[in-house]
Amino acid sequence: MEKLTSVEQYREEIKTGKHILMFSADWCPDCRFIDPILPELIEKYSDYKFYYVDRDEFIDLCIELNVFGIPSFVAYKDGEETGRFVSKDRKTQEQIEEFIDGLAD
């Protein structure tokens, strides 16, 4: 999973292709809970490019996108948001897969 380094990178990357941004933070225990399953998800959903977005580094982007709970996921296809799984609740692998499976192609 690539780590987002700038808001400019975010704006450029989402223009084309399919992307999933995972909003997280190092101090978040519910975020760390899903860390072990991320490689499997990235492999299973290889048609998406995954980005790690540190909530503390990108608080303005979180506000812009209305992401106030972590861990959260926002998906894009060719510059358009196609779905979001945004809440402060712990997420299971099954819930994350259901979210990705439900995204419009």
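Everything below is about the structure shown above.
Nothing here was measured: the structure is a model prediction, and the numbers come from that model.

Caption draft 1: Structural detail: the nonpolar core. One finds Tyr10, Leu21, Phe23, Leu65 and Tyr76 to be the most contacted residues of the largest nonpolar core, which totals 18 residues. Grouped together as the second largest cluster of nonpolar side chains are 17 residues, Ile37, Tyr52, Phe73 and Ile100 included.

Caption draft 2: Just helix H5 (residues 93–101), in detail. Of all the residues in H5, the buried ones are Gln93, Ile96, Glu97, Phe99 and Ile100. Projected down its long axis, H5 carries its buried residues within an arc of 155°, all on one side. Of the exposed residues in H5, those oriented more than 90 degrees away from the buried face are Glu94, Glu98 and Asp101. Along its buried surface, H5 packs onto strand E2 (18–24), helix H2 (29–34), helix H3 (38–44), strand E3 (49–54), strand E4 (72–77) and strand E5 (80–85).

Caption draft 3: Quick look at the packing of aromatic side chains. For the structure on display, the rule yields three aromatic pairs. Judged by centre distance (5.9 Å) and plane angle (70°), the ring pair of Tyr10 and Tyr76 falls under edge-to-face. Of this pair, Tyr10 sits in helix H1 (residues 7–13) while Tyr76 sits in strand E4, and the two are 66 residues apart along the sequence. In terms of burial, Tyr10 and Tyr76 fall into one category: buried. Judged by centre distance (5.8 Å) and plane angle (35°), the rings of Phe85 and Phe99 are tilted. Residue Phe85 is located in strand E5, and its partner Phe99 is located in helix H5; the two are separated by 14 residues in the primary sequence. Neither Phe85 nor Phe99 differs from the other in exposure class; each is buried. Put simply, the rings of Phe73, Phe85 and Phe99 touch in pairs and so form one group of aromatic residues.

Caption draft 4: Region of the structure containing the side chain of Gln9. Checked against the element boundaries, Gln9 lands in helix H1. The contacts of Gln9, once residues within four sequence positions are left out, are Glu2, Lys3, Leu4 and Tyr51.

Caption draft 5: A look at the side chain of Lys18. Relative to the helices and strands, Lys18 is located in strand E2. Take Lys18: its relative accessible area is 17%, and that puts it in the buried class. A distance of 2.9 Å separates polar atoms of two side chains, one belonging to Lys18 and the other to Asp47.

Cut-off values and rules
Residues numbered from 1 in each chain as written. Predicted model: local features only at pLDDT ≥ 70, side-chain atom pairs only at ≥ 80, totals over all residues. Heavy atoms only, no water. Core = buried A, V, L, I, M, F, W, Y, C linked by side-chain atoms within 4.5 Å. Buried < 20%, exposed > 50% of the residue type's maximum accessible area, 1.4 Å probe, protein only. Helix = DSSP H or I, 4+ residues; strand = E, 2+ residues; numbered from the N terminus. Arc of directions from axis to C-beta. Contact = heavy atoms within 4.5 Å. Phe/Tyr/Trp six-rings, centres within 6.5 Å; stacked < 30°, edge-to-face > 60°. Polar contact = N/O pair within 3.5 Å; in protein donor to acceptor, adjacent residues only side chain to side chain.

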